[in-house]
Amino acid sequence: GDWPYDAWVRLPLVVAVAVYVGSGMNRAFGTPKITGYLLAGVAFGAHGFGALTRASMQRLWAIDNGCLACIGLAAGAEVIAGELRKNARRTTVTIAAIVAFTWGLTFSSFATVFAARVDFLQGLSQAHVYAVSSLTATLALARSPASALAVMTECEASGPFCSHILSATVVKDVLVVAMFAMNVELVALSGLDFHKIVAEAAVGAVGRDGDNASAATTSSAARALLVVLRPAMQLESARLGAKVLQPLVRVLGAVAAGYVSGLVLGRMLRPSSVIARWKNVRVGCICVGAACTFIASEHLGLEPLLVCVAAGVTAANRKHATGEAEREELRAAVHAISPAVNLFFFTLAGASLKLENVWNSLVIAVGLVTVRLFALFCATSVAARVLKAPKVSEITGEKRRNVEWMAHVTQAGVALGLARTVAARFPYWGPAFSTLAVAIIVINLFIGPVLFRHSIEIMNESHSTLHAALQRVSSGADASAEASTQDAVL
């Protein structure tokens, strides 16, 4: 086997190349650096040069979990309760429109068009098609707080548009985690795995009887197995209420655990704390604390990313004399570690991708990605009409276009994690579903950051484009004033 520390020796080299590729693509093509990190990870993964094999990736679990923990904490720290309450209507309407259009169009298109081309759904009833369609549609709602924060940090972006996108992303991801957990439990009750087990067991029984087994033998074997497993089916039905409530309990437990973790984190950020005088030590303690919270949540059966998001929200919104100072310290620490977190997370994400999965499911994935993009465009257009959004920029006064749909495209850590839960929960068809989900996520992961950066630049909320837009407005005002002066003289 490999040397146990081989992955840790190769990782610095891979990361150094990722930095070079990300910076080079950013200068040459204007793409976000995380796109270069992803490509570098793919190049050095199991399907590239093989520097980071699947076994190596398993040994780097601590870095992956630590990055996810910091990402969740950073996303929560960006949510300011006062601003969220002030823009509650805008956030609520946007999320409701995205959920309605994206879920509805994805569900209907998968059930009516794409399901017939999915191998593991062949021969199953329409009820099972609807169950998998619901999982696919719910997964389409997921957005990546990591990529949103990465692009915003890279562009030095800030403003009402970025604040709204981040608030909607965090709130929607909390809802998606709860909705997906409910979906998984309901699909488990639908018996999709049960049909596979019956079929395989019946085939096995026929095989044991010899080559001359008839269709009647197959039917009797299946009926016999159904009789044996009927008590288990009745027990599952009796526990329907408990199973439906279980995801809600897990989500509420994750929020409660995040609240407690946020209070502990807030005490570490107080000016009077022991580590307050050493900035680097405090940043390190925050990272280690977030990682420990993430790992402990996994062992307790809670949703770890949700716990970290809730901890960030709690720590950033404590109401007392030093609350404002603590919030600024937390955000400063988060911004200090974000570049390194993004580098490691997206490089490892690229290295873990299975390119053959993307290729085999490419046609269906491209179709579903196209449907999702259309749904996001329709949703944000309807939300803008309902909210009566201003037709000119709040910053520069220039005419606005509907570019918000571009900011909701990217999928990454949350979506990948949810897809992996399906593969683990349903061993007979879950891996096939996860393959299709990964293909969709990878496409969104490559096109999403580019679209989000473009939307920020159009909205003039990046550092460079805002300066250029203000110069244009100032030049236009000066030209108008000069023309008015000349008219007055004439």
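Residues numbered from 1 in each chain as written. Predicted model: local features only at pLDDT ≥ 70, side-chain atom pairs only at ≥ 80, totals over all residues. Heavy atoms only, no water.

Asks: I'd like to hear about the overall build of the chain, residue by residue, with values.
Replies: The helix and strand inventory of the chain stands at 20 helices and zero strands. When the 490 residues of the chain are sorted by exposure, 48% land in the buried category. For the chain, long-range pairs separated by at least 24 residues make up 81% of all intrachain contacts whose partners lie at least 6 apart in sequence. Surface accessibility of the chain: about 23,300 Å² in total, with carbon and sulfur atoms responsible for 64%. (Helix = DSSP H or I, 4+ residues; strand = E, 2+ residues; numbered from the N terminus. Buried < 20%, exposed > 50% of the residue type's maximum accessible area, 1.4 Å probe, protein only. Contact = heavy atoms within 4.5 Å. Areas by Shrake-Rupley, 256 points an atom, 1.4 Å probe, with all protein chains shown as cover.)

Asks: Would you mind going over the confidence of the model for the chain in detail, with residue names and values included?
Replies: Taken residue by residue, the chain gives an average pLDDT of 77. The fraction at 70 or more is 77%. Across residues 212–219, confidence stays below pLDDT 50; counting only partners more than four residues off in sequence or on other chains, it has five contacts. This stretch, residues 221–238, has a pLDDT under 50; its non-local contacts, to residues over four places away or in other chains, come to 13 contacts. (pLDDT = per-residue confidence, 0-100.)

Asks: Help me get a handle on helix α15 (residues 323–351), residues and values and all.
Replies: Helix length check: α15 (29 residues) gives 40 Å between terminal C-alpha atoms against 42 Å at 1.5 Å per residue, within 8%. The largest bend in α15 is about 40 degrees, located at Ser 338, with the proline Pro 339 one to four residues further on. (Expected span 1.5 Å × (residues − 1). Bend = angle between axes of the 7 residues up to and from the residue.)

Asks: Can you tell me about the state of the cysteines, naming the residues and giving the values?
Replies: Under the definition given, this model contains zero disulfides. Distance from the sulfur of Cys 308, which forms no disulfide, to the nearest cysteine sulfur (Cys 70) is 8.2 Å. (Disulfide = S-S within 2.5 Å.)

Asks: Please provide a residue-by-residue account of the packing of aromatic side chains, values included.
Replies: A complete count under the given rule lists five aromatic pairs for this structure. Ring centres 5.5 Å apart and planes at 55 degrees place the aromatic pair Phe 44 and Phe 49 in the tilted group. Residue classification places Phe 44 among the buried positions, given a relative accessible area of 13%. Classification of Phe 49 as exposed rests on a relative accessible area of 69%. Relative to Phe 107, the ring of Trp 103 lies with its centre 4.9 Å away and its plane at 10 degrees, an arrangement referred to as stacked. With Trp 103 and Phe 107 both in helix α6 (residues 88–114) and four residues apart, the pair spans about one turn of that helix. (Phe/Tyr/Trp six-rings, centres within 6.5 Å; stacked < 30°, edge-to-face > 60°.)

Asks: Which residues make up the packing of helix α17 (residues 362–387) against helix α19 (residues 430–458), and what are the values?
Replies: Packed helices, taken two at a time, are described by the angle between their axes plus the distance between the axes. Look at α17 against α19: their axes get within 9 Å of each other, and the N-to-C directions meet at 55 degrees. By the angle between their axes, α17 is oblique relative to α19. α17 and α19 meet at a crossing whose hand is right-handed. Only Leu 436, Ala 439, Ile 440, Ile 443, Asn 444 and Ile 447 of α19 make contact with α17, whose side of the interface consists of Leu 362, Ile 364, Ala 365, Val 366, Leu 368, Val 369, Arg 372 and Leu 373. Taken together, the residues of the contact of α17 with α19 break down into twelve nonpolar, one polar and one charged. (Axes fitted to C-alpha atoms, helices over the stretch in contact; angles between N-to-C directions. Parallel < 35°, antiparallel > 145°, perpendicular 65-115°, else oblique. Left-handed = near helix turned anticlockwise from the far one by under 90°. Nonpolar A, V, L, I, M, F, W, Y, C, P; charged D, E, K, R; others polar.)

Asks: Quick rundown of helix α1 (residues 6–29)? Include the residues and the values.
Replies: Every α-helical turn comprises 3.6 residues, leaving residues that sit three or four positions apart pointing alike. Compared with the 34 Å implied by 1.5 Å per residue over 24 residues, the 34 Å span of α1 between its first and last C-alpha is a close match. Considered for burial, the residues of α1 that qualify are Asp 6, Ala 7, Leu 11, Val 14, Val 15, Ala 18, Gly 22, Ser 23, Met 25 and Asn 26. Buried-residue contacts for α1 involve α2 (33–44), α3 (54–59), α4 (61–77), α8 (145–155), α15 and α19. Downstream of α1 by a residue or two, Gly 30 has a phi angle that is positive, lying close to 75 degrees.

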